[in-house]
Amino acid sequence: MTWEGLNRRKFPRVKFPCLVKILVNGEKNEAQLTHTENVSTGGICVILRKGLERLTQVDIEIDLLDGEDHIFCHGKAVWVVRRKATDLFKPSFYDIGIEYGDIKKEDVQRIKAAVDHLARNESKAKI
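Below is a short write-up of the structure. Along every chain, residues carry numbers that run from 1 in the direction the sequence is written. Thresholds applied to this predicted model are a pLDDT of at least 70 for local features of residues and 80 or more for the giving and counting of side-chain atom pairs; totals over whole chains, interfaces and linings are not thresholded and use all residues. Computation of side-chain values: all heavy atoms of the structure, hydrogens and water removed.

A few points about the sheet that holds strand S6 (residues 94–100)
At step 1: Pairing is antiparallel around the closed barrel formed by six strands, whose spatial order is S1-S2-S3-S6-S5-S4. Strand after strand, the sheet turns through a mean of 45° between neighbouring axes, direction not considered.
At step 2: Being paired, for any two strands, means DSSP has found at least two bridges between them. Numbering of helices and strands runs from the N terminus; a helix is a DSSP stretch of H or I covering at least four residues, while a strand is a stretch of E covering at least two. Taken together, the four bridges between strand S1 (residues 19–24) and strand S2 (residues 32–39) define a ladder with antiparallel strand orientation. Each residue of the ladder has a partner; that of lysine 21, found in S2, is leucine 33. Lines are fitted to the C-alpha atoms to define the axes, a helix being fitted only along its stretch in contact, and any angle between axes, read from their N-to-C directions, falls within 0 to 180 degrees.

What follows is the structure in structure tokens.
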């Protein structure tokens, strides 16, 4: 899959460096703390050191850094892209697109408000 294909998305995304914890298959020892590459109301792109298989089920905890409670939901990895290593001593990382599963409506609204706010600020910065 090319990046051009990834840019035709159903949900608008914005760069938003919030904190995310990914728990794979309910295994606490598989938890990965990371940050986002971008976020939308339909899903999130995270950067992980270890790749996931497509359709892997995950539990997600998102801290929007807005002073509110964390968002908890399920999701599944819908795409995985391996980044190139930057030099011999740095490992490759993976961009992983995760589609939300059973996310609460009020949590979607919080994400939407954050996305809309950031999108407005990005468009003002381009003027």
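A few points about the pairing of S2
At step 1: In this structure, S2 lies alongside strand S3 (residues 43–48), joined through three bridges in antiparallel fashion. In the sheet register, valine 39 faces S3, and the bridge partner there is isoleucine 44.
At step 2: With antiparallel pairing between neighbouring strands as the criterion, S2 and S3 make up a hairpin whose turn holds three residues.

Describing the side chain of aspartate 63
At step 1: You can see aspartate 63 is positioned in strand S4 (residues 57–63).
At step 2: Although aspartate 63 is buried, it makes no salt bridge; arginine 110 carries the closest opposite charge, 6.2 Å away.
At step 3: A distance of 2.8 Å separates a polar atom in the side chain of aspartate 63 from the backbone nitrogen of leucine 65.
At step 4: Within the structure, the side chain of aspartate 63 is placed 3.4 Å from the side chain of histidine 70, a separation counted as a polar contact.
At step 5: When neighbours within four sequence positions are excluded, aspartate 63 is seen to be in contact with Cys18, Leu19 and His70. When a residue's accessible area, from a 1.4 Å probe over protein chains only, is under 20% of the maximum for its type it is buried; when over 50% it is exposed; and in between it is partly exposed. Residues scored as charged are limited to Lys and Arg (positive) and Asp and Glu (negative), so that His and the chain ends carry no count. Take a side-chain nitrogen of Lys or Arg and a carboxyl oxygen of Asp or Glu: if they are within 4 Å of each other, that pair is a salt bridge. Identification of polar contacts relies on pairs of N or O atoms within 3.5 Å, with a donor-acceptor requirement for protein atoms, meaning one able to donate a hydrogen and the other able to accept it, and with residues adjacent in sequence counted only if both atoms are side-chain atoms. Whether two residues touch is decided by their heavy atoms; if any such pair falls within 4.5 Å, the residues are in contact.

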